[in-house]
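The lines below spell out each chain.
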Amino acid sequence: MGSYVSLAMRSDLRETQERQVTAIKSNMISQQVELARRMAERQMALQVASVRELMVWFVPFAVTSYVFLYRGYRTTNSWVVLFPLIPVTFGFAYQVHYAYGNKTAQIRAHLYISTITIYYSNKNIF
């Protein structure tokens, strides 16, 4: 009878230990995913801050370019002089969209979806 009780206790102990190990691993994975998400958010915030800092330099460049190209157009009466406005305008629009528009919201949504995917794909490991 004693061996039967000890066998039952051993199997119960083994099952308990396996559940605890699984719970600990699951907790570690969720903490690692949360840490990765926080690091990615901080990195994104740093990138947005650097783009906003770049805007301090890009706005005067764009305005100066517009003024001098328009002045060149008025003196030469040739619309070819205005061609450089096209890439400058696209660059300026992209920078404004990234720094102050909804581009950051799009990146944040993509980041959220990717971390959720990673979390649930790791959940099935154990």
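Residues numbered from 1 in each chain as written. Predicted model: local features only at pLDDT ≥ 70, side-chain atom pairs only at ≥ 80, totals over all residues. Heavy atoms only, no water.

### So, a nonpolar patch on the surface
- Where nonpolar side chains cluster on the molecular surface, the patch consists of Trp79, Val80, Phe83, Ile86 and Phe90 and spans about 580 Å² of accessible area.
- Turning to its location among the elements, Ile86 is positioned in helix H2 (residues 85–100).
- The class of Ile86 is partly exposed, set by a relative accessible area of 46%. (Patch = residues over 30% accessible without salt bridge, like charges linked within 9 Å, V, L, I, M, F, W, Y side chains within 5 Å. Areas by Shrake-Rupley, 256 points an atom, 1.4 Å probe, with all protein chains shown as cover. Salt bridge = Lys/Arg side-chain N within 4 Å of Asp/Glu carboxyl O. Helix = DSSP H or I, 4+ residues; strand = E, 2+ residues; numbered from the N terminus. Buried < 20%, exposed > 50% of the residue type's maximum accessible area, 1.4 Å probe, protein only.)

### Remarks on unusual backbone geometry
- With a phi close to 55°, Asn77 is a non-glycine residue in the positive phi region.
- One can find Asn77 in the loop between helix H1 (2–76) and H2.
- The exposure class of Asn77 is exposed, given its relative accessible area of 62%.

### A closer look at the packing of aromatic side chains
- Scanning the entire structure with this criterion turns up 5 aromatic pairs.
- Ring centres 5.3 Å apart and planes at 75° place the aromatic pair Trp79 and Phe83 in the edge-to-face group.
- Ring geometry for Tyr94 and Tyr98: centres 6.2 Å apart, planes at 10°, overall stacked. In this pair, Tyr94 and Tyr98 both sit in helix H2, 4 residues apart, roughly one turn of the helix. (Phe/Tyr/Trp six-rings, centres within 6.5 Å; stacked < 30°, edge-to-face > 60°.)

### Focus: the side chain of Gln95
- Relative to the elements of secondary structure, Gln95 occurs in helix H2.
- Setting aside residues no more than four positions away along its own chain, Gln95 makes contact with Val51, Leu54 and Met55. (Contact = heavy atoms within 4.5 Å.)

### Observations concerning the pattern of salt bridges
- Scanning all chains against the criterion turns up 3 salt bridges.
- In this structure, Arg37 and Glu34 form a salt bridge, with 2.3 Å as the shortest nitrogen-oxygen distance. Of the two residues, Arg37 and Glu34 both sit in helix H1, 3 residues apart, roughly one turn of that helix.
- The partly exposed category is assigned to Arg37, whose relative accessible area is 23%.
- For Glu34, a relative accessible area of 29% translates into the label partly exposed.
- In this structure, the salt-bridge partner of Arg37 is Glu41, at a minimum N-O distance of 2.7 Å. Here Arg37 and its partner Glu41 are both found in helix H1, 4 residues apart, which amounts to about one turn of the helix.
- Among the ionic contacts, a cluster of salt bridges with common partners joins Glu34, Arg37, Arg38 and Glu41.

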